[in-house]
Amino acid sequence: MKPNGTLLYVHSKSNHPPSIIRNIPMNVNKRLSNLSSNEMMFNENKGLYQKALNDSGYKFNLKYEQEILPTHKRNRSRKIVWYNPPYSKNVTTNIGKKFLQIVNESFPKSNILSKIFNRNTVKISYSCMNNVNTAIILHNNYIVNKGREIKHPSEIKECTCHMKKKDNCPLQGKCNTSGMVYQATVVRHDNKIKETYVGLTATTFKQRYSNHLHSFKDEKRRNDTELSKYVWTLKGINVKYDINWKILKRCKPYSNVTKRCNLCLYEKYVIICEPEICTLNKRSELSSTCRHRKKFLLSNIS
């Protein structure tokens with residue numbers, strides 16, 4: 001504890017998930033026991049912590065517990081998909097129970113996707129709702145940014161194509177737009193059959209479009225996306241094609257404040273609920289994790 005510091009814990013009646021409230025006093029007891037060399041040292045220092053817990057509404061008596069060294073077990077690693085709904089005491093429905101029931105009903109053992117989506121690979125953990133301070137900050141940022149767009153629309157150029165190539169802009173004059181879920185429609189010249197692909201980009205569409213073009217030209221990158229695989233298939237049978245692009249929805253990428261990535265969520269929603277507009281996408285893409293949160297990891301901060 002720092003000098004002149006005040007011990008303060010989340011109140012037992014706070015609107016937090018029960019698992020958090022339940023584990024706070026036990027974690028305090030465990031950490032204090034691990035930091036104490038013996039029971040006498042523990043009893044000399046537990047007074048402040050016991051008072052802080054009592055003031056926060058916890059009926060828990062701190063007691064010295066000798067540290068037990070963990071035994072190393074060889075655990076089998078699994079790719080786990082976590083569902084983190086926000087928790088609120090105002091909601092009476094058991095969201096976790098309902099969600100796991102949906103998983104069992106939608107992906108029984110007879111389903112081909114049951115190896116990807118089952119009770120061992122899909123788990124639920126409640127997240128905390130935004131506090132008042134966060135809600136105010138998000139609201140203020142929305143108002144400020146909205147007003148800035150109205151006052152200075154010329155600051156954001158929707159298209160950065162050369163003047164002579166404006167008519168050939170892949171996104172109809174909006175290629176500099178960022179944060180979107182887009183759709184590519186591939187039309188074959190021989191039989192006019194259409195295939196569609198849905199993708200996303202947190203950067204500008206022009207940067208993502210450039211990567212797509214590289215995957216269409218460089219055979220080493222033919223497996224980058226389902227779209228590039230299909231394009232190379234058409235090339236292999238000497239069929240010409242046209243690709244048309246359009247924006248499905250503007251979304252915000254992962255935020256370290258909300259802990260949510262609307263880009264990835266909307267792309268997965270389209271693949272599940274509107275498969276007719278993304279015929280080239282595979283259901284296996286649903287198990288992929290959000291790539292946009294990686295830049296917030298400490299290991300990626302220089």
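Keep in mind that what you see is a predicted model, and the values were worked out from it rather than measured.

Colleague: How should helix α7 (residues 262–273) be read in this particular structure?
Modeller: In an α-helix, one turn spans 3.6 residues; hence positions three or four apart end up facing the same way. For α7, built from 12 residues, the straight-helix expectation of 16 Å at 1.5 Å per residue is met to within 8% by its first-to-last C-alpha distance of 16 Å. Regarding α7, the residues found buried are Leu263, Cys264, Tyr266, Glu267, Lys268, Val270 and Ile271. On its buried face, α7 sits against β5 (178–188), β6 (194–204) and β7 (241–250).

Colleague: Would you explain the packing of aromatic side chains in this entry?
Modeller: To describe a pair of aromatic rings, you give the distance between the ring centres and the angle between the ring planes. Counted according to the given criterion, the structure contains 11 aromatic pairs. Note on Phe205 and Trp245: the rings are 5.6 Å apart at their centroids and 70 degrees apart in plane angle, and the pair reads as edge-to-face. Residue Phe205 is found in helix α5 (residues 205–217), and its partner Trp245 is found in strand β7; the two are separated by 40 residues along the sequence. Overall, Phe205 belongs to the buried group, its relative accessible area being 0%. Exposure remark for Trp245: the relative accessible area of 5% places this residue in the buried category. One aromatic cluster in this structure is built from Tyr182, Phe205, Tyr209 and Trp245. Cation over ring: Lys235 sits above Trp232, and NZ or CZ is 4.5 Å from the ring centre.

Colleague: Would you explain the environment of Thr121 in this entry?
Modeller: On the secondary structure map, Thr121 appears in the loop between α3 (95–106) and β3 (122–124). Sequence separation of Thr121 and Leu7 is 114 residues, and the distance between their C-alpha atoms is 38 Å. Excluding residues that lie within four positions of it along the chain, Thr121 makes contacts with Lys79, Ile80, Val81, Lys115 and Ile116. Of the polar contacts made by the side chain of Thr121, one reaches the backbone nitrogen of Asn118; its length is 3.1 Å.

Colleague: Looking at this model, I keep getting lost on unusual backbone geometry. Mind explaining?
Modeller: Leaving glycine out, the prevailing phi sign among residues is negative, and the prevailing peptide bond configuration is trans. Positive phi outside glycine occurs at Gln172, with the angle close to 55 degrees. With respect to the secondary-structure elements, Gln172 resides in the loop between α4 (132–151) and β5. Residue classification places Gln172 among the exposed positions, given a relative accessible area of 58%. The backbone of Lys259 sits at a positive phi, close to 60 degrees, despite the residue not being glycine. Among the structural elements, Lys259 can be located in the loop between β7 and α7. Using a relative accessible area of 54% as the deciding quantity, one classes Lys259 as exposed.

Colleague: Can you help me understand helix α2 (residues 39–55) in this one?
Modeller: The end-to-end C-alpha separation of α2 is 24 Å, in line with the 24 Å expected for 17 residues at 1.5 Å each. At Lys46, α2 shows its maximal kink, close to 50 degrees. If you check which residues of α2 are buried, you get Phe42, Tyr49, Gln50, Ala52 and Leu53. If you follow the buried residues of α2, they end up packed against α1 (18–35). Where α2 starts, the residue carrying a side-chain oxygen 3.2 Å from the main-chain nitrogen of Met40 turns out to be Asn38. Of the residues flanking the end of α2, it is Gly57, one or two places downstream, whose phi is positive at about 90 degrees.

Colleague: Teacher, can you tell me more about the sheet that holds β6 here?
Modeller: Neighbouring strands of a sheet are bound in pairs by backbone hydrogen bonds; such pairs are parallel or else antiparallel. Here we have three strands laid out as an open sheet, ordered β6-β5-β7, and antiparallel in their pairing. Looking at strand neighbours, the two that pair on one side only are β6 and β7, the edges of this open sheet. The mean inter-strand angle of the sheet, taken between neighbouring strand axes irrespective of direction, is 25 degrees. In this sheet, β6 lies alongside β5 in antiparallel orientation, the contact comprising nine bridges. Across the sheet, the residue bridging to Ala184 is Tyr197, located in β6. Lying on the sheet, α5 is in contact with β5, β6 and β7; it crosses β6 at an angle near 130 degrees. α7 rests against β5, β6 and β7 of the sheet, and its axis sits at about 175 degrees to β6.

Thresholds, definitions, all that
- Residues numbered from 1 in each chain as written.
- Predicted model: local features only at pLDDT ≥ 70, side-chain atom pairs only at ≥ 80, totals over all residues.
- Heavy atoms only, no water.
- Helix = DSSP H or I, 4+ residues; strand = E, 2+ residues; numbered from the N terminus.
- Expected span 1.5 Å × (residues − 1).
- Buried < 20%, exposed > 50% of the residue type's maximum accessible area, 1.4 Å probe, protein only.
- Contact = heavy atoms within 4.5 Å.
- Phe/Tyr/Trp six-rings, centres within 6.5 Å; stacked < 30°, edge-to-face > 60°.
- Lys NZ or Arg CZ within 6 Å of the ring centre and 35° of its normal.
- Polar contact = N/O pair within 3.5 Å; in protein donor to acceptor, adjacent residues only side chain to side chain.
- Bend = angle between axes of the 7 residues up to and from the residue.
- Pairing = 2+ DSSP bridges.
- Axes fitted to C-alpha atoms, helices over the stretch in contact; angles between N-to-C directions.

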